[in-house]
Amino acid sequence: MNIQTRPQAQPPVIEHEHKAFVYCPICTHTVEGIVIATGKTAKVKPGQKCSRCSAALDPGYIMRMDRAA
């Protein structure tokens, strides 16, 4: 096999967990939750519940996430 035709190995993706404020679409309040940051994107960690109404926070928006630059 030629060196140029070998598939390049992808570097491992680094994920960081941060505490953030997440908007609950059911009770319309901002609650604290855990967010998984991968590179430039951030998503709410699956399986979390709202502390006020016990709804799933999976479709919630991230309102504020404090992290160092």
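Residues numbered from 1 in each chain as written. Predicted model: local features only at pLDDT ≥ 70, side-chain atom pairs only at ≥ 80, totals over all residues. Heavy atoms only, no water.

Caption draft 1: Molecular detail of the sheet that holds strand 3 (residues 41-44). Pairing is antiparallel in the open sheet, where four strands are placed in the order 3-2-1-4. Single-partner strands in this sheet number two, and they are strand 3 and strand 4 (61-64). Averaged over all neighbouring strand pairs, the angle between strand axes comes to 55°, with direction disregarded. Examined bridge by bridge, strand 1 (residues 15-23) and strand 2 (residues 30-38) share nine bridges and lie antiparallel to one another. Looking at strand 2, one finds that A20 is bridged to G33. (Pairing = 2+ DSSP bridges. Helix = DSSP H or I, 4+ residues; strand = E, 2+ residues; numbered from the N terminus. Axes fitted to C-alpha atoms, helices over the stretch in contact; angles between N-to-C directions.)

Caption draft 2: Molecular detail of the nonpolar core. Counting residues in hydrophobic clusters, the biggest one holds ten residues: A20, V22, C24, C27, V31, V35, V44, C50, A55 and L57. For this core, the secondary-structure elements that each account for two or more residues are strand 1 and strand 2. Setting aside chain neighbours within four positions, we find C24 in contact with H29, C50, C53, A55 and L57. (Core = buried A, V, L, I, M, F, W, Y, C linked by side-chain atoms within 4.5 Å. Buried < 20%, exposed > 50% of the residue type's maximum accessible area, 1.4 Å probe, protein only. Contact = heavy atoms within 4.5 Å.)

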